[in-house]
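Geometric and topological summary
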Amino acid sequence: TADGLALHEHVWLPEGEPRAVVVIVHGFVEHGGRFAELARELNRQGYAVYAADHRGHGCSEGERVFVRSFDQYLDDVERYVDRVRALQPGKPLFVYGFSMGGGLAVGSLVFDMAYQYRWGHHVRKVRLGTEEAYQDVEQHTVYASLIYHF
């Protein structure tokens, strides 16, 4: 993070070369490991999946579920996506935000007027899911492939 906190990372890689990358942004009082089942399904379909526990969540450093500003979460997510992009250069990248993570993903898009320049790509598709969609892994993977496609 910009202020030196270490974020815990979850990584699920497919067998062979990934066809694309999914970054999962989890919700409030959650952790990236919650999405292990979804990640394994995406792996079977050829996707590399990454998730970082937010500051103060899961195994990440920081005061439990506390930030001085929501911008800290937004900055952490942007930095993490940049890091994942560097690990998987040239691969299509999808960001799936769930619950508060959806708010973070949308917040990055809505509130950062230079969004496409910061990420180096234009957003190609946006899709917002619901709690009901989370219950169905196949539906969930469709949402994962549509929420943000760079």
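The shown structure was predicted, so the numbers you read here are calculated from the model rather than taken from an experiment.

What follows is about the pairing of strand β3 (residues 47-52). Within β3, 6 of the 6 residues are buried, which leaves the element mostly enclosed by the surrounding structure. Going residue by residue along β3, you find Y47, V49 and A51 tucked away on one face and A48, Y50 and A52 tucked away on the opposite face as well. Pairing analysis gives 4 bridges linking strand β1 (residues 9-12) to β3, with the strands arranged antiparallel. Note that in β3 the partner of W12 across the bridge is V49. Bridge analysis of strand β2 (residues 20-25) against β3 gives 5 bridges, and the strand direction is parallel. Bridging across to β3, V23 finds its partner in Y50. Viewed along the sheet, the connection from β2 through helix α1 (residues 36-44) into β3 turns out right-handed.

Below, the discussion takes up the pairing of β2. For β2, a buried count of 6 out of 6 residues is recorded, marking the element as mostly surrounded by other parts of the structure. Taking every second residue as pointing to the same face, both faces of β2 are buried, with A20, V22 and I24 on one and V21, V23 and V25 on the other. With 5 bridges joining them, β2 and strand β4 (residues 93-97) adopt parallel strand pairing. Residue pairing in the sheet places I24 in a bridge with Y96 of β4.

Thresholds applied
- Residues numbered from 1 in each chain as written.
- Predicted model: local features only at pLDDT ≥ 70, side-chain atom pairs only at ≥ 80, totals over all residues.
- Heavy atoms only, no water.
- Buried < 20%, exposed > 50% of the residue type's maximum accessible area, 1.4 Å probe, protein only.
- Helix = DSSP H or I, 4+ residues; strand = E, 2+ residues; numbered from the N terminus.
- Pairing = 2+ DSSP bridges.
- Right-handed = clockwise from strand over helix to strand, strands pointing away.

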